[in-house]
Amino acid sequence: MVAIYYHDNLDTPENFTEDHDSGVPVPEDRLAEIGVFYRYIDNMDELEQVAKDRDYKNRDQIALNLDTFKGDQSAFDAKMAQFYKEHYHEDEEIRYILDGEGFFDVRDPQDRWIRAKLNKNDLLVLPAGIYHRFTLSKRLQYVKAMRLFKDEPKWEAINRDEGRDTEARVEYLRSVTSAA
Ligand code: KMT
Ligand code: NI
């Protein structure tokens, strides 16, 4: 079951894979207002329909746990740190959980972290230009996910500490301020 809530902001490099639930839930329509869409999808026909309707042309699958790094703890930790670093992408992207569990954190317009805890069959649409980050959960430490891309997979992540506002970011900010 999906859970969406404000992050408690008490994360450290040691405990960031814990739930960090502040106890304040966030309704799905609040997420939608900032361009993030959640759907539960348990059959591939429905998934194909979403991809078709939103004009997605590419996809891949990622499995992530210590085993996928052949037990190389430092390589695994580096990947975890990369995904947890605050960043955005210049294209809208879909994440669809096939197995396991993961947390996607997205920034709201007040710069608070909203956390979506996703499990099997949970789908999230991340708009272009939204700051976000990802982590496995301490509970399962494993996820298998499909990543859907509009065009060629654009792997460039623009990290917040670069402070670079591309057209996608400017456009995103425009879309949330005009909706507010
Ligand atoms: C992202 O965009 O940050 C990711 O795709 C994270 C990994 S997907 C399980
Ligand atoms: Ni990302």
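My aim in this report is to walk through the structure given alongside it, one point at a time. The written sequence of each chain sets the order in which its residues are numbered from 1. The lettering of chains begins at A and the numbering of ligands begins at 1, in the order of writing. At least 70 in pLDDT is required for a residue's local features to be given in this predicted model, at least 80 for side-chain atom pairs to be given and counted, and no such filter applies to totals for whole chains, interfaces and linings, which use all residues. Excluded from the side-chain calculations are hydrogens and water; all other atoms, namely the structure's heavy atoms, are used.

1. Some remarks on the packing of aromatic side chains
Step number 1: Stacked, tilted and edge-to-face are the three classes applied to pairs of Phe, Tyr and Trp rings, where Trp contributes its six-membered ring and a pair requires centres within 6.5 Å; stacked means planes under 30 degrees apart, edge-to-face means over 60, and tilted covers the rest. Applying the stated criterion across every chain, the model contains five aromatic pairs.
Step number 2: The interplanar angle of 35 degrees and the centroid separation of 4.6 Å between the aromatic rings of phenylalanine 16 and tyrosine 84 together place this pair among those described as tilted. One end of the pair, phenylalanine 16, is in the loop between strand E1 (3–7) and strand E2 (21–25); the other, tyrosine 84, is in helix H3 (residues 73–84), with 68 residues separating them in the sequence. Exposure class is identical for phenylalanine 16 and tyrosine 84. Each is buried.
Step number 3: Their ring planes at 50 degrees and their centres at 4.7 Å tell us that phenylalanine 104 and phenylalanine 134 sit as a pair that is tilted. In this pair, phenylalanine 104 sits in strand E6 (residues 93–107) while phenylalanine 134 sits in strand E9 (residues 132–136), placing the two residues 30 residues apart along the sequence.
Step number 4: One aromatic cluster in this structure is built from Phe83, Phe104 and Phe134.
Step number 5: Ring-over charges, as used throughout, are those where CZ of Arg or NZ of Lys falls within 6 Å of the ring centre and within 35 degrees of the ring normal. Over the aromatic face of tryptophan 113 sits the side chain of arginine 107, whose NZ or CZ is 4.0 Å from the ring centroid.
Step number 6: The cationic tip of arginine 115 hangs over the ring face of phenylalanine 103; the distance from NZ or CZ to the ring centre is 4.2 Å. A run of H or I in DSSP becomes a helix once it reaches four residues, and a run of E becomes a strand once it reaches two; helices and strands are each numbered from the N terminus. Buried, partly exposed and exposed residues are distinguished by accessible area as a fraction of the type maximum, computed with a 1.4 Å probe on protein chains only: under 20%, between the cut-offs, and over 50%, respectively.

2. Description of the nonpolar core
Step number 1: Here, nonpolar core means buried Ala, Val, Leu, Ile, Met, Phe, Trp, Tyr and Cys residues that are tied together by side-chain atoms lying within 4.5 Å of each other. By size, the foremost hydrophobic cluster in this structure holds 30 residues, and its most contacted members are Ile34, Val36, Val106, Ile114, Leu118 and Leu124.
Step number 2: Element by element, the count of residues in this core is highest for H3, at four residues.
Step number 3: Any two residues whose heavy atoms approach within 4.5 Å are treated as being in contact. Apart from the residues lying within four places of it in its own chain, the contact partners of leucine 124 are Val36, Phe37, Tyr38, Glu93, Ile94, Arg95, Phe104, Ala116 and Leu118.
Step number 4: Among the nonpolar cores identified, the runner-up in size contains twelve residues, and Tyr56, Ile94, Tyr96 and Leu148 belong to it.

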